[in-house]
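# Examining the three-dimensional arrangement
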Amino acid sequence: TNLGPLCRTHHNAKTHGLWTYRYDPDRGTKTWTSPLGLTHTKHLPRYGPTADQAPEAHPPEPDPPGPDHPDSPDPPDVPDG
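Now for a description of the structure that goes with this document. (Residues numbered from 1 in each chain as written. Predicted model: local features only at pLDDT ≥ 70, side-chain atom pairs only at ≥ 80, totals over all residues. Heavy atoms only, no water.)

## Focus on the overall build of the protein chain
- For the protein chain, the helix and strand inventory stands at one helix and three strands.
- N-terminal to C-terminal, the α/β element order of the protein chain is α-β-β-β.
- Counting every position in the protein chain, which comprises 81 residues, the buried fraction comes to 7%.
- Of the contacts formed within the protein chain by residues at least 6 apart in sequence, a portion of 2% connects residues at least 24 apart.
- Accessible area of the protein chain: about 7,900 Å², with a carbon and sulfur share of 55%. (Helix = DSSP H or I, 4+ residues; strand = E, 2+ residues; numbered from the N terminus. Buried < 20%, exposed > 50% of the residue type's maximum accessible area, 1.4 Å probe, protein only. Contact = heavy atoms within 4.5 Å. Areas by Shrake-Rupley, 256 points an atom, 1.4 Å probe, with all protein chains shown as cover.)

## Re the pairing of strand β1 (residues 20–24)
- Across five bridges, β1 lies against strand β2 (residues 29–33) in antiparallel orientation. Residue pairing across strands places R22 opposite T31, the latter belonging to β2.
- Joining the antiparallel neighbours β1 and β2 is a turn of four residues, in which G28 adopts a positive phi near 70°. (Pairing = 2+ DSSP bridges.)

## A closer look at the pairing of β2
- Bridge analysis of β2 against strand β3 (residues 39–43) gives five bridges, and the strand direction is antiparallel. Looking at the pairing, T31 lines up with T41 of β3.
- The turn linking β2 back onto β3 is made up of five residues, and G37 within it adopts a positive phi angle of 95°.

## Some words on unusual backbone geometry
- At L18, a residue that is not glycine, the phi angle is positive and equals roughly 70°.
- By the secondary structure assignment, L18 is in the loop between α1 (8–16) and β1.

## A short note on the sheet that holds β1
- What the three strands build is an open sheet, ordered β1-β2-β3; its pairing is antiparallel. The open sheet has two free edges, formed respectively by β1 and β3, since each of these has just one partner strand. Taken pair by pair, the neighbouring strands of this sheet meet at an average axis angle of 15°, ignoring direction. (Axes fitted to C-alpha atoms, helices over the stretch in contact; angles between N-to-C directions.)

## Brief notes about the packing of aromatic side chains
- Inspection of the entire model under this criterion finds two aromatic pairs.
- Centre to centre, the rings of W19 and W32 are 6.4 Å apart; their planes meet at 70°, and the pair counts as edge-to-face. Of this pair, W19 sits in the loop between α1 and β1 while W32 sits in strand β2, and the two are 13 residues apart along the sequence.
- Both rings, one in Y21 and one in W32, keep their centres 4.9 Å apart while their planes meet at 55°; by these two values the pair is tilted. (Phe/Tyr/Trp six-rings, centres within 6.5 Å; stacked < 30°, edge-to-face > 60°.)

## Section: the side chain of T29
- Topologically, T29 is positioned in strand β2.
- Overall, the relative accessible area of 8% leaves T29 in the buried class.
- Once residues within four sequence positions are removed from consideration, T29 is found in contact with R22, Y23, D24, T41, K42 and H43.

Spelled out as C-alpha cells, the structure:
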C-alpha cells in the first residue's frame, strides 16, 4: 500500500532509491529496508487504551418520562399572581 505520509526526502528514497517502507499497524512499527537488505524498525507510540483496556460499553440511559407519563413528578406549586 502507499498510504504512509512521507516527507520529500523519504518519498524519494522509497521511490527512486530502491528502499522499501513497510508499516504494520497491528504491531505499531514502521520498517525501512535498504537496497542491501539492512533494516531499520521504529516502534511507534500507542495512544488511548488497547483493546483489552477499553472501557466496557454500556447502553445509553433512557430519556426521562414526558409530562403526561404516570411516573412524571408533579409540577412545582406556582403562586397565583
